Amino acid sequence: MQDFYNQIAGRPDDDIIGSAQRGASTAPQWLDFPGCVFIRGEFRADPDPPAIVAPGLFISVALDEGAGRGILTRTTGAGQMTAIAVRESLAVGGSVRCGERPAIGLALPQASIDGLGLGDEVRALFKTDALGTAIVSLTASPRVQVLAAEMFSPPVAGNATQLLLSAHAAEIVVHALFGERGIALDPAADLQRVRLQSVKARMDADLAYPWSIDELARNAGLSRRSFNQKFQMAYGESAIDYLRARRLDAARDLLIHQRLSVTEAAFRVGYAHPANFATAFRRHFGYSPSRCQ
C-alpha cells in the first residue's frame, strides 16, 4: 500500500500531493501504522483531465487562517479539521488550488481502514447508503491542534520522527471518526485499541510469518508484559494462543478445501516442523490432520 498516494488522484505523474507553507517539505510519507499517506499541506490535483480519487478516508487539519481549497477539503479556518470518506472512486473536476497555509493531511486507503477494524466507524459517517462521499467538519480540539502542529514541525529527529508521526496520525484518525459523534474520548485508550487491532490484523494477514511477542509488542507500542495483558483483556486469549488457533484453523481449511498434504499445510501457516504441527493440530481439534484429507 506504500504507493497509495499515486492512486489518490489516479495519475501518478501529476502533482497530486499537497501545497503547504513555503519552505516546508511536501514530500508524501507512508506511515506503516496506521497505514496512511502523510503530507505537510493538502491534497491537490490539476483539473485537466479530472482526477480520480481512490476510496478511503481523507483528513485535513488547518493550522491557521487562510484561503484555499484542497482536492478533498473545504475551506477551513484556524483550528478546524475536515474528514471526508470516499466510498467509491470519485472524479474531481474544476480548478483545484491550495492556499499557502500550514496544514497537514492524512489519507487512509480502504484496506488500512479495514485492517484497523474501523470500517463500521467510517461507514457510520454516511447518512444514507446512496451517498458516495461523506464530509465531516469539526473544530479541532486543543489536543488535535498540538498533534497537527508537531506533525508539521516535529520536535524530534531521526527514527523518533517516524514514531511520533505514526502515533499522532493514529490519534487524529480516532478524533476525526469519534469526535463528530459527540463521544468523550480517552485518547490513550482509543489509540491503544487501534494499535491492538492493527497488530491482530497483521497476524491475520501473514500467518506464516514467524511472529514473536517482542515484535508484536513493538508494533503495538507497548512493553512485552503490557502487550500480553492488554491483548488478553481485549480478545479473551493471549496473542500466542490467538495466533496458534488462527494458524490451525487456516491449515484445516487448506487440508479440506485445497487438498494440500499435511506437510504443505504446515509450512503454509508457519510451522517449520510437520510433527510439531500434527501435535498442535491434534490438541486443538481432537483428531489428527490426516483425517481432513
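Worth saying up front: this structure is predicted, and the values here are computed from it rather than measured.

## Points about the sheet that holds strand 8 (residues 133-139)
Turning to step 1, where the next piece is worked out: Strand order in the open sheet formed by six strands is 1-2-7-4-5-8, and the pairing between neighbours is antiparallel. Pairing within the sheet leaves two strands with one partner each, and these edge strands are strand 1 (29-31) and strand 8. For this sheet the average axis-to-axis angle between neighbouring strands, irrespective of direction, equals 20°.
Turning to step 2, where the next piece is worked out: For strand 5 (residues 80-86) and strand 8, the ladder comprises seven bridges, and the chain directions are antiparallel. Across the sheet, the residue bridging to A85 is A134, located in strand 8.
Turning to step 3, where the next piece is worked out: Against the sheet, helix 3 (residues 142-152) contacts strand 2 (36-40), strand 4 (56-62), strand 5 and strand 7 (103-109), and its axis sits at roughly 95° relative to strand 7.

## Thoughts on the confidence of the model for the chain
Segments scoring low in pLDDT should not have their predicted coordinates read at a detailed level.
Turning to step 1, where the next piece is worked out: Scored by pLDDT, the chain comes out at a mean of 76, with 73% of its residues at no less than 70.
Turning to step 2, where the next piece is worked out: Within the model, pLDDT remains below 50 along residues 9-24, and this stretch shows 53 contacts once partners closer than five positions in the same chain are excluded.
Turning to step 3, where the next piece is worked out: Throughout residues 94-99 the model reports pLDDT below 50, and contacts reaching past four residues in sequence, or to other chains, amount to 24 contacts.

## Here's the deal with the side chain of K200
Turning to step 1, where the next piece is worked out: With respect to the element layout, K200 can be found in helix 5 (residues 187-205).
Turning to step 2, where the next piece is worked out: It turns out K200 is buried and unbridged, and the closest side chain with the opposite charge, D204, is 4.0 Å from it.
Turning to step 3, where the next piece is worked out: Excluding residues within four positions of it along the chain, K200 makes contact with F231, Y235 and Y242.

## Notes on the packing of helix 6 (residues 213-220) against helix 7 (residues 224-235)
Turning to step 1, where the next piece is worked out: At a closest axis distance of 9 Å, the pairing of helix 6 and helix 7 adopts a crossing angle of 80°. Classified by the angle between their axes, helix 6 and helix 7 sit roughly perpendicular to one another. Along the contact surface, helix 6 presents I213, D214, L216, A217 and A220, while helix 7 presents R224, F227 and N228.

## Some thoughts on the packing of aromatic side chains
Turning to step 1, where the next piece is worked out: Applying the stated criterion across every chain, the model contains nine aromatic pairs.
Turning to step 2, where the next piece is worked out: The interplanar angle of 50° and the centroid separation of 4.6 Å between the aromatic rings of F281 and F285 together place this pair among those described as tilted. On the criterion of helical spacing, the pair formed by F281 and F285 is a turn pair, its members being four residues apart in helix 10 (residues 274-285). In this pair, the class of F281 matches that of F285, namely buried.
Turning to step 3, where the next piece is worked out: Over the face of the ring belonging to F126 we find R87, whose NZ or CZ atom lies 3.9 Å from the ring centre.

## Section: the side chain of H168
Turning to step 1, where the next piece is worked out: Within the secondary structure layout, H168 lies in helix 4 (residues 159-178).
Turning to step 2, where the next piece is worked out: What H168 contacts, discounting residues up to four positions off in sequence, is L147, E150 and M151.

## Some remarks on the packing of helix 8 (residues 239-257) against helix 10
Turning to step 1, where the next piece is worked out: Helix 10 packs onto helix 8 with a crossing angle of 100° between their chain directions and a minimal axis gap of 10 Å. Comparing their axes, helix 10 and helix 8 come out roughly perpendicular. Taken together, the residues of helix 10 that come into contact with helix 8 (itself represented by A245, L248, D249, A251, R252 and L255) are F277, A280, F281, H284 and F285.

## Digging into the nonpolar core
Turning to step 1, where the next piece is worked out: Core analysis: the biggest nonpolar cluster contains 39 residues, and L57, I59, M81, I104, L106 and I172 have the highest contact counts within it.
Turning to step 2, where the next piece is worked out: At the level of elements, strand 2, strand 4, strand 5, strand 7, strand 8, helix 3 and helix 4 are the ones that each hand at least two residues to this core.
Turning to step 3, where the next piece is worked out: Once you skip the residues sitting within four places of it in the chain, I104 turns out to touch F38, I39, G41, I59, S60, V61, A148, M151, F152 and I172.
Turning to step 4, where the next piece is worked out: If you look at the next biggest cluster of nonpolar residues, it comprises 30 residues, including F231, V262, F281 and C292.

## What about the pairing of strand 2?
One face of the sheet, then the other: side chains in a regular strand alternate in exactly this way.
Turning to step 1, where the next piece is worked out: Burial analysis of strand 2 places five of its five residues in the buried class, the great majority of the element.
Turning to step 2, where the next piece is worked out: Covered by surrounding structure in strand 2 are C36, F38 and R40 together with V37 and I39, the residues of both alternating faces.
Turning to step 3, where the next piece is worked out: In the sheet, strand 1 pairs with strand 2 via three bridges, with the strands oriented antiparallel. For L31, the partnering residue across the bridge sits in strand 2 and is C36.
Turning to step 4, where the next piece is worked out: Between strand 1 and strand 2, which follow one another and run antiparallel, lie four residues, and G35 among them has a positive phi close to 85°.

Quick notes on the rules
- Residues numbered from 1 in each chain as written.
- Predicted model: local features only at pLDDT ≥ 70, side-chain atom pairs only at ≥ 80, totals over all residues.
- Heavy atoms only, no water.
- Pairing = 2+ DSSP bridges.
- Helix = DSSP H or I, 4+ residues; strand = E, 2+ residues; numbered from the N terminus.
- Axes fitted to C-alpha atoms, helices over the stretch in contact; angles between N-to-C directions.
- Contact = heavy atoms within 4.5 Å.
- pLDDT = per-residue confidence, 0-100.
- Buried < 20%, exposed > 50% of the residue type's maximum accessible area, 1.4 Å probe, protein only.
- Lys, Arg positive; Asp, Glu negative; His and termini not counted.
- Salt bridge = Lys/Arg side-chain N within 4 Å of Asp/Glu carboxyl O.
- Parallel < 35°, antiparallel > 145°, perpendicular 65-115°, else oblique.
- Phe/Tyr/Trp six-rings, centres within 6.5 Å; stacked < 30°, edge-to-face > 60°.
- Lys NZ or Arg CZ within 6 Å of the ring centre and 35° of its normal.
- Core = buried A, V, L, I, M, F, W, Y, C linked by side-chain atoms within 4.5 Å.

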